[in-house]
Amino acid sequence: PRIDFNNSKRMRKQQKHIQKFLQEYAPSKEIVGKASGEGEIGKCLLVVSSTSGFGNASKLAPKVIEYLRPSFSTMKIIPTQHAGHAYEIMNNEPTLSSYQLVVILGGDGAFSEAVNGMLLREDKQIATLAHCPGGSGCATSGNAMGVWKGDDIEKACRIISEGKLQKMDVIEVTRDGFDDPLYSILNVAGGLYTDVVDLADRHYKWTYNIFGPTARYAFGMIRALWKYGKRDNDRMIRYTFNDNESETVVLPTLGYSLYNDGRPMEHARYASCRFHDGTMSLSLSQKYLGLVKHLKYAGDLAKQKDLQDDVKGNHFIRDDIVSMKVEPVEVAHKNGVLPARPLKTMLDGEKDRVTLDYMDAPFTARILPGKISIIVA
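Residues numbered from 1 in each chain as written. Predicted model: local features only at pLDDT ≥ 70, side-chain atom pairs only at ≥ 80, totals over all residues. Heavy atoms only, no water.

### Quick look at the layout of surface pockets
Its boundaries defined by the atoms lining it, the second largest pocket holds a volume of some 240 Å³. Contributing to the lining of the second largest pocket are 15 residues, with Thr174, Arg175, Asp176, Pro362 and Phe363 lying nearest its centre. Looking at the lining of the second largest pocket, the elements that each hand over two or more residues are strand E14 (323-328) and strand E16 (363-375). Tallied by class, residues from the lining of the second largest pocket come to five nonpolar, three polar and seven charged. (1 Å grid on protein atoms, 1.4 Å probe; cavity = no way out; pocket = protein on both sides within 12 Å on 5 of 7 lines; lining within 4 Å. Points joined across faces, edges and corners; volume = space filled by probe spheres on them. Helix = DSSP H or I, 4+ residues; strand = E, 2+ residues; numbered from the N terminus. Nonpolar A, V, L, I, M, F, W, Y, C, P; charged D, E, K, R; others polar.)

### Re a positive patch on the surface
A cluster of basic side chains, namely Lys9, Arg10, Arg12, Lys13, Lys16, Lys59 and Lys63, defines a positive patch on the protein surface. The set of elements that each furnish at least two residues to the positive patch consists of helix H1 (9-25) and helix H2 (52-68). Looking at which element gives the most residues to the positive patch, the answer is H1, with five residues. Examined against the element boundaries, Arg10 turns out to sit in helix H1. On the basis of relative accessibility, which here comes to 37%, the residue Arg10 falls in the partly exposed class. (Patch = residues over 30% accessible without salt bridge, like charges linked within 9 Å, V, L, I, M, F, W, Y side chains within 5 Å. Areas by Shrake-Rupley, 256 points an atom, 1.4 Å probe, with all protein chains shown as cover. Salt bridge = Lys/Arg side-chain N within 4 Å of Asp/Glu carboxyl O. Lys, Arg positive; Asp, Glu negative; His and termini not counted. Charge placed at Lys NZ, Arg CZ, Asp CG, Glu CD. Buried < 20%, exposed > 50% of the residue type's maximum accessible area, 1.4 Å probe, protein only.)

### A look at helix H7 (residues 192-203)
Compared with the 16 Å implied by 1.5 Å per residue over 12 residues, the 16 Å span of H7 between its first and last C-alpha is a close match. Among the residues of H7, those classed as buried are Leu192, Thr194, Asp195, Val196, Val197, Asp198, Leu199 and Ala200. (Expected span 1.5 Å × (residues − 1).)

### Details of the packing of aromatic side chains
Applying the stated rule across the entire model yields four aromatic pairs. Measuring from centroid to centroid gives 6.2 Å for Trp206 and Phe219, while their planes differ by 50°, and the two rings are tilted. Within this pair, whereas Trp206 is found in the loop between H7 and helix H8 (208-211), its partner Phe219 is found in helix H9 (residues 215-228), the two being separated by 13 residues in sequence. Since its relative accessible area comes to 25%, Trp206 is described here as partly exposed. Classification of Phe219 by relative accessible area gives partly exposed; the value is 30%. Between Phe211 and Phe219, the ring centres sit 6.0 Å apart and the planes meet at 35°, which makes this aromatic pair tilted. Judged by relative accessible area, Phe211 falls into the exposed class, the value being 52%. In textbook terms, an aromatic cluster arises when at least three aromatic residues are bridged by ring pairs, as seen for Tyr204, Trp206, Phe211 and Phe219. (Phe/Tyr/Trp six-rings, centres within 6.5 Å; stacked < 30°, edge-to-face > 60°.)

Right under this line is the structure:
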């Protein structure tokens, strides 16, 4: 008989956390804080991405509320109840700018969704933000506060309560035929890297029950390389750097990432930009090396090991990018090999909220220095 991993004991337990939290706080709940007199910060809006981290955000929410209450006079808690809800909350909250702080409890995708909702408001209201780690990936809180996991939630809340601010850059992505831009706070990634996330989310979420919340990406990497490595090996992409002093190069591109927020994971080595330095960093995996060799190459990058001489040339890094245009170029058929597929691209690990699918080139990405304010350590 087929095993239903989504109905496992661990998954049922996480679902109970989500339902219990929603029953108490949905659609929203306002509570009185404990702050008064000197040092009072004021009102706080806490947006909880209920399903982030397979329900971990819902599980952590009561602790976060208790840790943050002493720093605010009032707290309004709004849990997300469907896909895209974080965007809707930040886009429609009537008095967003009246909050001294808006805390997003969830993963990088939830934080990115909230930023897009805020920056695309018609009334242009804006608020100071904090990312509280509660998802599978928490690179935003990691780079800003040094807190990469929900296990350190008390530390994260302590830093948030201290209220130290830093301006944060945002990547703006524009495309022909679309009126509104898209915004990225971590990275714009495409090719192999999108395939990894897509396959992981479609086929390997069940691994959470055995190996934890991020194991699915390892399985997704193996399947993506096996399925698409040879097929995409001849894909050539044209990159035009920096509008004012234009420089165009055509490079083999198996997968690429355009980074803004520093490191995409705690031990990553391949992004030298910072979220407040006004630049982006482009990282390319240029050619498929074969399954075993490519997995070792990817592992060495993640573990900050020096690359072997025979694969060093496969990794391309370009820093200090202000603006970049990405366009596909013609891919020739070679010995009957299929041409490369579209350059499927994601923003902060998520699909395009407009088309509900992965974005494709061509597009233009540019850095918006200091676009938002965020809590830092």
